Amino acid sequence: MVLPSDDTEVTYPRGDTRSSGRVLHREPHGEGRQAVLLDVTAAHPVDSAWPDQGPDRGTLTVGEAVLDLLDCVVGATDGSALFVGADVPVRKGTPGWAFVAVHVVDASTPVEEGEEVQVEVDEAHRIALSVGHTACHLASLALNAALADDWTKPVAPDALGRPDFDALAISTSTITPDGSVDRYRVGKSLRKKGFAPARLDGAPDAVAATIGSTLAGWVAGEAAARIEAEGPRLTDRRYWTTELDGRPVSIACGGTHAAALSELRATSVTLELEPADGALTLTMRTSARLPLTPPDAPRP
Ligand SMILES: [Zn+2]
């Protein structure tokens, strides 16, 4: 059994949805499934260390066989064994470890090491996640902007120079098709850092309306956006970059994104606050597309 010694080369950051690669390794992966490692892939794997953007859907074509991509997960190997998802025992960048995209497919079609494989990603699903991910970044910056006056002490700034509520309070972030759900914890430690939650707690709808209009303004600006990568490998640092209010913005991000802010449509943001043992849980739901089916037209 030979496991790769290099990180997988990934082409999804530049927007690719198709790739040709070679099988470097395959092994059984649970009942009726196999894990396939390729030298290069266009399929975005979910990263269990920060699973905000889920796996791409799509297919692997091996010879005549077309296999559904059942899952795509970040894994790692030290050359002796393959660890997948939450079982990866080390952080990215640990010497002697390669981080890889693990393609999970049905095991009934044998896949051989060295075989050529075509990866084809479900484009509609990818676009929806990319739009959702861009909306998520914009909404978090707009949230920081809306809460910028509610800090009594200086804290680390965000990409636009405002107090980074998002980074300091986030507990989970989930990219959905055409949107995102971000959960924040507003507790003692955030208050100690100088955050005054009174306005957020007292008038969340007003704060949400401010976020919504900031977001709509940025989308109307139609700025281009792109991923800047320090290299082609899975763990090379990548940054989502755009321009907002005339300022360059750069945010570290491993996901996929819309190529222009104008791809977002009908943005909306809601905020929900719930008490949670002495703290508050804030849920921000962001949506960035018209529903696929228009509302019923008025009947004659
Ligand atoms: Zn991101």
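Predicted model, so just to flag it, every value in this text is computed and none were measured.

Enquirer: Mind showing me how you'd approach the side chain of His-257 here?
Expert: As for its position among the elements, His-257 is in the loop between strand E15 (247-252) and strand E16 (268-276). For His-257, a relative accessible area of 15% corresponds to the buried category. At 2.9 Å, the side chain of His-257 and the side chain of Thr-134 are in polar contact. Of the polar contacts made by the side chain of His-257, one reaches the side chain of Trp-240; its length is 3.5 Å. Beyond its immediate sequence surroundings of up to four residues, His-257 is in contact with Ser-130, His-133, Thr-134, His-137, Ile-227 and Trp-240.

Enquirer: Even after reading the chapter, I still don't get the sheet that holds strand E5 (residues 58-62), so can you show me in this structure?
Expert: Two strands in a sheet stick together by hydrogen bonds in their backbones, pointing the same way (parallel) or opposite ways (antiparallel). Strand order in the open sheet made by the eight strands is E6-E5-E10-E2-E3-E9-E7-E8, with antiparallel pairing throughout. Each edge of the sheet is formed by a strand with only one pairing partner; in this case those strands are strand E6 (65-68) and strand E8 (82-84). Neighbour-to-neighbour, the strand axes of this sheet turn through a mean angle of 40°, independent of strand direction.

Enquirer: Help me understand the domain arrangement of the protein chain in this model?
Expert: Interfaces are often sized by the accessible area lost when the parts come together. Each domain of the protein chain was delimited in the assignment, giving domain 1 (9-121) and domain 2 (125-287). Between the C-alpha centres of domain 1 and domain 2 the distance comes to 29 Å. Facing 24 residues of domain 1, the contacting portion of domain 2 comprises 19 residues. When the two sides are added together, the surface that domain 1 and domain 2 hide from each other amounts to roughly 1,700 Å², 57% of it contributed by carbon and sulfur. Run the count over domain 1 and domain 2 and you get one salt bridge.

Enquirer: Mind showing me how you'd approach a positive patch on the surface here?
Expert: Taken together, the side chains of Lys-153, Lys-188, Arg-191 and Lys-192 define a basic patch exposed on the protein surface. Here Lys-153 is to be found in the loop between helix H1 (123-146) and helix H2 (165-169).

Enquirer: Got a minute to help me understand helix H5 (residues 204-220) in this structure?
Expert: Every α-helix winds through 3.6 residues per turn, so residues three or four apart in the chain are directed the same way. Here H5 contains 17 residues, and its C-alpha end-to-end distance of 24 Å stays within 8% of the 24 Å for a straight helix at 1.5 Å per residue. Every buried residue of H5 is accounted for by Pro-204, Val-207, Ala-208, Ile-211, Gly-212, Leu-215, Trp-218 and Val-219. Projected onto a plane normal to the axis of H5, the buried residues spread over an arc of 140° and lie on a single side. Among the structural elements, H1, helix H4 (198-202), strand E14 (238-244), E16 and strand E17 (279-287) are those in contact with the buried residues of H5. Phi for Glu-222, located one or two positions after H5, is positive at around 55°.

Enquirer: Looking at this model, I keep getting lost on the packing of aromatic side chains. Mind explaining?
Expert: The relation between two aromatic rings is expressed through the spacing of the ring centres and the mutual angle of the planes. Using the criterion set out here, one finds four aromatic pairs in the structure. Aromatic pair Phe-83 and Trp-97: ring centres 5.6 Å apart, planes at 45°, arrangement tilted. Pair noted here: Phe-83 is in strand E8 and Trp-97 is in the loop between E8 and strand E9 (98-106), with a separation of 14 residues, a long-range link. Judged by centre distance (5.4 Å) and plane angle (45°), the rings of Phe-165 and Tyr-184 are tilted. Of this pair, Phe-165 sits in helix H2 while Tyr-184 sits in strand E12 (residues 179-186), and the two are 19 residues apart along the sequence. The pair Phe-165 / Tyr-184 is uniform in exposure class, with both members buried. One aromatic cluster is present, formed by Trp-151, Phe-165, Tyr-184 and Phe-195 through successive ring pairs.

Enquirer: Is there a simple way to think about the pairing of strand E2 (residues 18-28) in this case?
Expert: For a regular strand, the rule is simple: side chains alternate between the two faces of the sheet. The pairing of E2 with strand E10 (residues 116-121) spans five bridges and is classified as antiparallel. Along E10, the bridge assignment pairs Arg-18 with Glu-120. As paired strands, E2 and strand E3 (residues 33-38) are joined by five bridges and run antiparallel to one another. The residue of E3 that forms the bridge with Val-23 is Leu-38.

Conventions and cut-offs
Residues numbered from 1 in each chain as written. Predicted model: local features only at pLDDT ≥ 70, side-chain atom pairs only at ≥ 80, totals over all residues. Heavy atoms only, no water. Helix = DSSP H or I, 4+ residues; strand = E, 2+ residues; numbered from the N terminus. Buried < 20%, exposed > 50% of the residue type's maximum accessible area, 1.4 Å probe, protein only. Polar contact = N/O pair within 3.5 Å; in protein donor to acceptor, adjacent residues only side chain to side chain. Contact = heavy atoms within 4.5 Å. Pairing = 2+ DSSP bridges. Axes fitted to C-alpha atoms, helices over the stretch in contact; angles between N-to-C directions. Domains from an automatic or database assignment. Buried area = accessible area lost by both parts, 1.4 Å probe. Salt bridge = Lys/Arg side-chain N within 4 Å of Asp/Glu carboxyl O. Patch = residues over 30% accessible without salt bridge, like charges linked within 9 Å, V, L, I, M, F, W, Y side chains within 5 Å. Areas by Shrake-Rupley, 256 points an atom, 1.4 Å probe, with all protein chains shown as cover. Lys, Arg positive; Asp, Glu negative; His and termini not counted. Charge placed at Lys NZ, Arg CZ, Asp CG, Glu CD. Expected span 1.5 Å × (residues − 1). Arc of directions from axis to C-beta. Phe/Tyr/Trp six-rings, centres within 6.5 Å; stacked < 30°, edge-to-face > 60°.

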